[in-house]
Structure formats: C-alpha cells, structure tokens
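Reading the structure
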Amino acid sequence: MSSLTLEGAPPRAMPPAFHLMVKPRGAVCNLDCTYCFYSRKEDLYEEGASFRMSDEVLESFTRQYIEAQRVPEVTFGWQGGEPTLMGLDFFRKAVAMQEKYRKPGMKIANALQTNGVLLDDEWCRFLKEHQFLIGLSMDGPRELHDAYRVDKGGKPTFDKVYRALKLLQRHGVDFNILCVLNRVNADHPLTVYRFFKSEGVQFIQFIPAVERIVRSQARSEAECRSERHSADASWLTTNELVGSQARSEAECRPERDSDERHSADASWLATNEVTEWTVRAEQWGQFLCSVFDEWVRRDVGRVFVQSFDVALQAWVGMEPSLCVHAKTCGDCLAIEHNGDLFSCDHYVDPHYFLGNVMEMPMTELVASPFQRKFGRDKRDTLPRYCRECPVLFACNGGCPKDRFITTPDGEPGLHYLCAGYKRFFTHVAPYIRTMAELLHRGHPPAAIMDILRRKEIGAKHLSVTGGLSPTNASPLPRVSRNAPCPCGSGRKYKSCCGT
Ligand code: SF4
Ligand code: SF4
C-alpha cells in the first residue's frame, strides 16, 4: 500500500483522536462464558500462535498511538480475552512505555476490562497507583450471573467475581460494572439493578448480548472448516495480505465494499436467527425502562447508568459517549497481540483487517479510505425507516453489526434491537427532556427527583410534548393522549409512556 502522507505529517483524513482496544493476550481467556463473541477469534490465527504481545509490539504500538493523538488526553483500553493473563509485569512495562512516549502536558489514562478472577491485593495496589479504570464483568446476583458466566469446566464463577468486586472497593480502585444482558437476566431488571446498588456499585453499563447463528456451521462443519482455513490463509500471514493490497489497491477495494462483503458474509451469516442467549428486543427495551423508572425517582446523581447518560447527551445535543449511538463510527479500533489492526472490536475478521502496525504506520491504517468509509457507512446505510424515526437523533440506528432484520416495509438493515431502542428512548423522553431543561437553567439533573416527588410522580405535568430539544436534532413529535404509544407497546400514549 502506498504511503498516504508526507513524512512527519498526519494523513489528511486522520481524525484528531481515535481509541484503541488492545488485546495483549488475543482471545485467550481463563473463563468460558457461553455468550462470549471474542473467544472464537483464536481460530483466526495459526495453531501454536503465542497470543502474547511482545515487548517490541507493545513499544511500537504505544509510541505510534501516542504520537497520532492531537488531543491532550489518550486512553489505552485493555481487553481480551482476559488481559490480566499477561501478568502484572506486562502492565508495569506498559505504563513505563506510556511515560517514555508521553508528550509534554499529555494525560494518559488506562481502562482495563476483566472478569476479575486473577485480581488480588498486588494487582489492586498497582491499579490504584496508576489510576486504571476497571470494567468488571458481572451479570447480576449469583443465580443470574452464573447462567452463562462459567469457567472452562462449566462451573459457576460468581464467588470469584464477587471477591474481585470487594477487592476493588477495598482498595478504592475506580470501576464500572459491565453487565451483559441476556435472555435470562433481562427478565429481572429490578433484581439486577438493586443487587448492584446494594453492593455499593455506582457505575453500570448494560450491554445487550446479540449473536446470530452461523448457519454455515450447520451446512457442513468440515466444509466450513476448510473454507475458513483457506480464507484465513490470506491474512494469517500478514505479509501476504499486505502484499495483496499492494499488488492491486483498485482490485482490493471492491472486495471490501459492502456488497461484496455482504455476499461473502452470506455464506457464514445467512440467517437472522439468533442464539438462545440473545436478549429479545422487547426484553432489552423493557429492562431499560424498568430500571430507568426506579433510577429517575431515587438514584439520579448517585448511580450512573451508561444508557441513561447517553440519552441525556442526545437531548442536550452532545456527542454520545457510546459509539453504538453515535452518527458515525470508525474511530474505535482493535489491535491484536501481534499488532494486527482491525476496524473495530466487533469486526475482528479478515474482511476488516487493516494491516499490521509493525509493518505499516498506524496513522495510515486509521486514515485509510476503507476505515473512513467503514465509519461513515454507519450513517449512510441507514434504512428509510430509521431516517424517518422520531428518536433517530438519540439512537442513530445502533451498531451496524446487529443491523440484520428488515423494516416493516421490507428494507434490510434495521437493527435487531430496534423495538427495544424505540421503546426506551420514547419512554424516557419526557424525563430526560426535563433533565436537559434543568441543566440548561443551571440546575442539577438530579432535581428531577424532587419534581417527580412534588407532583406525586406526576410525569403528566412534565413537558412531554414540548420542552428542550437537542440543538442538532429533531424534536419528538406531539403525540395525542389517546393515540397509540409510539414506543410500539400497543397501548394508548396516555396509559404508557405519556403516563
Ligand atoms: S461497528 Fe459498532 S461497536 Fe464498532 S465502532 Fe461502530 S458502532 Fe461501535
Ligand atoms: S429506534 Fe429503530 S427505527 Fe429508530 S433509529 Fe433506532 S433502530 Fe432506527
């Protein structure tokens, strides 16, 4: 691939900042959670691959990542697999490298996602000292957590993760709970939410488990295995892939265009069927609405739920902090243990392999036309149903990975969770709009709890049909009280979201 830039100058298409999810141990993990989408990524590499990031790769990617940022703060996101399997010494080296290449005045932050099993006092002292933000994966109280989060022998893991939670708290390490919502725990919104609250958790991210069944496996396991190996052969040897890109950029570009990509995917993802642990769209919406109803009356300003923050950001016209609900994406990439760079953590596959940072400058890969188009496609491929949706400004159609159902008028490309997103954003609209109004007038959003109390939980007096609209988005349309609720529940607006 030819260089896109003059030496020393960032490529023109280079964003001022981008984010890397770093997989120092690849997909290797010490647990075997049923719904883990990343565990199968081990198959992408040759048998015998080390799945350990070398010191050379660590130093090179750290230097390139820091040099590429044109903002005063850079965050390293450590993920897996299970990144703590690298051992503490690796992370001691990582922070030393960061310090070595840190620009004057630049702040460097680290976020590490873990199942918590290996955490101990020594780890926690290190995480506290270097101000790591931890994402601890936990799916609720014991009986819900253990439904899918099991170890290699299929044994439950709740006790080990709970121990990690208490260790983090004892050491004062900043952490979020990452709670994967699946077919089982999504039916118990208040049990899950109150459990975390009762354990003193302040920051919670609910992440929907969505996975399609790969029909080709049913077609013929043997056939697919040989197909996969021959496909892998073109990219396992990085030089070969780079060679093929260099051989003919023009030839390769169409291969990576969405049509052809989709037809390639068709042999693997020919079905809209989902796995038995995948959360249903209605469950997702109902879960968030139920938790929101409790949160908005009791916990605003005390407990932080990412989905609610994202909604408030939309109503005040801010960029969402979650890529799934951003207009475009492409600035959050994944880097594997050997320096292979991919478009996104959810697109670690040969079609979205950008190159290896040990062989090509990271900036060229991030600024490449393919990656820029990948990010714009999120907006440019929305079906008309989304483009005309009253909550588009908050939802933005969700992650392209899960846009595999058709709209009511038969157009493909609708997000699998659409019904849930619509229900959630419609349901929270009057409350969030009021919170946005409070912010606008210089009051804390938490004042909504008083308003609701004073009006005897009188949401009907809130500005349901008017109020502050996001500065860069369409306001919600007026809905008459007797009209069907736009959230799709089938009930009248006055008896549902307009209550
Ligand atoms: S593809 Fe999905 S997960 Fe990846 S950056 Fe875009 S919205 Fe986020
Ligand atoms: S709620 Fe549904 S229709 Fe509306 S933008 Fe989101 S995915 Fe599209």
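Everything quoted here is computed from the prediction, not taken from an experiment.

**Regarding the overall build of the protein**
Per the secondary structure count, the protein includes 19 helices and 12 strands. Put simply, the protein has 499 residues, and 53% of those count as buried. Contacts in the protein between residues far apart in sequence, at least 24 positions, make up 73% of those at least 6 positions apart. If you sum the accessible surface of the protein, you get close to 22,300 Å²; carbon and sulfur atoms cover 52% of it.

**Some remarks on the packing of helix H18 (residues 418-440) against helix H19 (residues 447-454)**
Where H18 contacts H19, the axes come no closer than 9 Å and their chain directions differ by 120°. Regarding the angle of H18 to H19, the classification is oblique. For the element pair H18 and H19, the recorded crossing hand is right-handed. Listed contacts from H19 to Tyr431, Thr434, Met435 and Leu438 of H18 are Ala447, Ile448, Ile451 and Leu452. Residues of the contact of H18 with H19, tallied by class, amount to 7 nonpolar, 1 polar and no charged.

**Some thoughts on the nonpolar core**
Within the largest apolar cluster, 116 residues are counted, with the highest numbers of intra-cluster contacts made by Leu20, Phe61, Trp78, Phe206, Trp295, Trp315 and Leu341. For this core, the element with the highest residue contribution is H18, accounting for 11 residues. Apart from the residues within four sequence positions on either side, Leu341 is in contact with Leu20, Leu333, Ala334, Ile335, Tyr352, Phe353, Leu354, Gly355, Val357, Met362, Leu365 and Val366. Formed by 10 residues, the second largest nonpolar core is a distinct cluster that contains Val28, Tyr38, Val348 and Phe353.

**Some words on the state of the cysteines**
For the structure shown, the criterion picks out 0 disulfides. There is no disulfide at Cys36, and the cysteine sulfur nearest it, in Cys29, is 6.5 Å away. On the basis of relative accessible area, Cys36 is assigned to the partly exposed category, the value being 26%.

**A look at the environment of Leu341**
Assignment of secondary structure puts Leu341 in strand E9 (residues 340-342). Sequence separation of Leu341 and Val357 is 16 residues, and the distance between their C-alpha atoms is 6.8 Å.

**Some words on the sheet that holds strand E1 (residues 19-22)**
Sheets are built from strands paired through backbone hydrogen bonds, the pairs being either parallel or antiparallel. Taken together, 10 strands build an open sheet; the order of strands is E7-E6-E5-E4-E3-E2-E1-E8-E9-E10 and the sheet is mixed. Every interior strand has two partners, whereas the edge strands, strand E7 (304-305) and strand E10 (353-356), have only one. With 3 bridges joining them, E1 and strand E2 (residues 73-78) adopt parallel strand pairing. Bridge pairing in E2 links Val22 to Trp78. With respect to the sheet, helix H2 (residues 88-101) is in contact with E2 and strand E3 (107-114), its orientation differing from that of E2 by roughly 160°. Relative to strand E6 (residues 203-208), helix H12 (residues 281-298) is tilted by about 165°, and along the sheet it contacts strand E5 (175-181), E6 and E7.

**Here we look at the packing of aromatic side chains**
Applying the stated rule across the entire model yields 31 aromatic pairs. On the numbers, 6.2 Å between centres and 75° between planes, the contact of Phe61 with Trp78 is edge-to-face. Separated by 17 residues along the polypeptide, Phe61 in helix H1 (residues 55-68) and Trp78 in strand E2 bring together distant segments of the chain. Here Phe61 matches Trp78 in class, with each residue buried. Where Trp78 meets Phe91, the ring centres are 5.2 Å apart and the plane angle is 80°; that geometry is what we call edge-to-face.

**Here we look at the pairing of E1**
Here E1 pairs with strand E8 (residues 332-335) via 4 bridges, running parallel. Among the inter-strand pairings, Met21 is bridged to a residue of E8, identified as Ala334. The handedness of the E1 to E2 crossover, carried by H1, is right-handed.

**So, the site of ligand 1**
Taken together, the neighbourhood of ligand 1 is formed by Cys323, Val324, Cys329, Cys344, His346, Tyr347, Phe374, Lys378, Cys399 and Pro400. Of the residues in the shell around ligand 1, the class split is 8 nonpolar, 1 polar and 1 charged.

**Points about the pattern of salt bridges**
By the definition in use, this model includes 19 salt bridges. Note that Glu294 is salt-bridged to Lys197, the shortest N-O span being 3.3 Å. Within this pair, whereas Glu294 is found in helix H12, its partner Lys197 is found in helix H6 (residues 189-198), the two being separated by 97 residues in sequence. Under the relative-accessibility criterion, Lys197 is labelled partly exposed at 23%. Each of Arg194, Lys197, Glu294 and Asp299 takes part in salt bridges that share partners, so that together they form one network.

**Here's the deal with helix H3 (residues 121-129)**
Residues spaced three or four apart along an α-helix face the same direction, because each turn holds 3.6 residues. Looking only at H3, the buried set comprises Trp123, Cys124, Phe126 and Leu127. Around the axis of H3, the buried residues are gathered within 160° of arc, so they sit on the same side. Buried positions along H3 lie against H2, strand E4 (133-137) and helix H5 (158-171). For H3, the N-terminal cap is Asp120; the gap from its side-chain oxygen to the backbone nitrogen of Glu122 is 3.2 Å. With its phi angle positive at about 55°, Gln131 sits one or two positions after the end of H3.

**Examining the site of ligand 2**
Near ligand 2, the surroundings consist of Tyr385, Cys386, Cys389, Val391, Leu392, Cys395, Gly397, Cys418 and Lys422. Elements with a minimum of two residues in the shell around ligand 2: helix H16 (384-387), helix H17 (392-395) and H18. A per-class count over the shell around ligand 2 returns 7 nonpolar, 1 polar and 1 charged.

**Brief notes about the confidence of the model for the protein**
Summing up the model confidence of the protein, the mean pLDDT is 84 and the portion of residues at 70 or higher is 78%. This model gives residues 1-8 a pLDDT under 50, and the stretch forms 13 contacts once residues within four places in sequence are excluded. Note that residues 217-267 has pLDDT below 50 and, in this model, 60 contacts with residues that lie over four places away or in other chains.

What counts, and where the lines are drawn
- Residues numbered from 1 in each chain as written.
- Chains lettered and ligands numbered in written order.
- Predicted model: local features only at pLDDT ≥ 70, side-chain atom pairs only at ≥ 80, totals over all residues.
- Heavy atoms only, no water.
- Helix = DSSP H or I, 4+ residues; strand = E, 2+ residues; numbered from the N terminus.
- Buried < 20%, exposed > 50% of the residue type's maximum accessible area, 1.4 Å probe, protein only.
- Contact = heavy atoms within 4.5 Å.
- Areas by Shrake-Rupley, 256 points an atom, 1.4 Å probe, with all protein chains shown as cover.
- Axes fitted to C-alpha atoms, helices over the stretch in contact; angles between N-to-C directions.
- Parallel < 35°, antiparallel > 145°, perpendicular 65-115°, else oblique.
- Left-handed = near helix turned anticlockwise from the far one by under 90°.
- Nonpolar A, V, L, I, M, F, W, Y, C, P; charged D, E, K, R; others polar.
- Core = buried A, V, L, I, M, F, W, Y, C linked by side-chain atoms within 4.5 Å.
- Disulfide = S-S within 2.5 Å.
- Pairing = 2+ DSSP bridges.
- Phe/Tyr/Trp six-rings, centres within 6.5 Å; stacked < 30°, edge-to-face > 60°.
- Right-handed = clockwise from strand over helix to strand, strands pointing away.
- Near = heavy atom within 4 Å.
- Salt bridge = Lys/Arg side-chain N within 4 Å of Asp/Glu carboxyl O.
- Arc of directions from axis to C-beta.
- Polar contact = N/O pair within 3.5 Å; in protein donor to acceptor, adjacent residues only side chain to side chain.
- pLDDT = per-residue confidence, 0-100.

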